[in-house]
Amino acid sequence: MTEGPELVFTGAQDPRFWRDGAISTTAVMLIVLIVLTIDSLHVIRAGGANVPAYTVINQQIGYELGADGNTWVPTIGGEQLLFGHKYDAAEAEKVMDKAKLVIQSRNCINCHTFFGNGAYYGPDLTKAWLDPVWEKTWMPMTQSRTREDAMVKFLMHPDRYPTWGRQMPNLGLDEEEARDVVAYLKWMSSIQTNGFPAGFGHMRLQR
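The structure displayed is predicted, hence computed values, not measured ones. (Residues numbered from 1 in each chain as written. Predicted model: local features only at pLDDT ≥ 70, side-chain atom pairs only at ≥ 80, totals over all residues. Heavy atoms only, no water.)

## Concerning the packing of helix 3 (residues 133-142) against helix 4 (residues 147-156)
(1) Moving on: Direction vectors running N to C along helix 3 and helix 4 enclose 65 degrees, while the axes themselves pass 9 Å from each other. Helix-helix and strand crossings are classified by hand; for helix 3 and helix 4 the assignment is left-handed. Residue-level inspection shows Trp-134, Glu-135, Trp-138, Met-139 and Thr-142 of helix 3 in contact with helix 4, the latter providing Arg-147, Ala-150, Met-151, Lys-153 and Phe-154.
(2) Moving on: Partitioned by chemical class, the residues of the contact of helix 3 with helix 4 number 6 nonpolar, 1 polar and 3 charged. (Axes fitted to C-alpha atoms, helices over the stretch in contact; angles between N-to-C directions. Helix = DSSP H or I, 4+ residues; strand = E, 2+ residues; numbered from the N terminus. Left-handed = near helix turned anticlockwise from the far one by under 90°. Contact = heavy atoms within 4.5 Å. Nonpolar A, V, L, I, M, F, W, Y, C, P; charged D, E, K, R; others polar.)

So this is what it looks like as structure tokens:
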């Protein structure tokens, strides 16, 4: 009976040890990355755990301190139609798609911030819909009956309402484009951003 060659484990001195270890580690981390990616997409997609469906624009959106007493969270209330219209899921998604194109085509992110991305030359827009200044200042100034109408008028003709030192330029939005952007801002305000922008909740109480 002929015996085969004896296999000797040389440990860290054997290049195969490091090669096999690298392959195994890469495979495990790839699986972990896939699992985390699937979980993240589930959480951040519209209709996910932290991001309401687009049809939330049909409801009242508020902002209050959470149960921990430290973090501000959006609240979803009863029906509050936007522009007096109830959007179904397909219609709401179409409006959001158009709004994103408007925001991209006008380079809004060059002056404003969305979810922490962008510039701070102009106001942060992450929770812009919830800013009480629309009711206290802009509705009387634009002679509008609703917040959304005041926002539309401002977006179409910002040069007519120069209230800050940094005046917003007229970007040539028509009424449909302005309405789409307002709908997007309302939806965006409903997203759980873990208290971002920092201090916005307390600022609302002071205005």
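Past the structure itself, the notes keep going.
## Some remarks on the environment of Asp-174
(1) Moving on: Relative to the assigned elements, Asp-174 resides in the loop between helix 4 and helix 5 (175-189).
(2) Moving on: The spacing of Asp-174 and Met-156 is 18 residues in sequence and 6.3 Å in space, taken between C-alpha atoms.
(3) Moving on: Within the structure, the side chain of Asp-174 is placed 3.2 Å from the backbone nitrogen of Glu-176, a separation counted as a polar contact. (Polar contact = N/O pair within 3.5 Å; in protein donor to acceptor, adjacent residues only side chain to side chain.)

## Let's talk about the packing of aromatic side chains
(1) Moving on: What the rule picks out here adds up to 8 aromatic pairs.
(2) Moving on: Seen from their ring centres, Tyr-54 and Trp-187 are 5.0 Å apart, and the 65 degrees between their planes marks the pair as edge-to-face. A residue pair is termed long-range when its members are at least 10 positions apart, and Tyr-54 in the loop between helix 1 (15-44) and strand 1 (59-65) and Trp-187 in helix 5 qualify at 133 residues.
(3) Moving on: With relative accessibility at 15%, the residue Tyr-54 sits in the buried group.
(4) Moving on: Taking the centre distance of 4.7 Å and the plane angle of 55 degrees together, the rings of Trp-138 and Phe-154 count as tilted. (Phe/Tyr/Trp six-rings, centres within 6.5 Å; stacked < 30°, edge-to-face > 60°. Buried < 20%, exposed > 50% of the residue type's maximum accessible area, 1.4 Å probe, protein only.)

Limitation: the analysis is restricted to geometry and does not speak to function.
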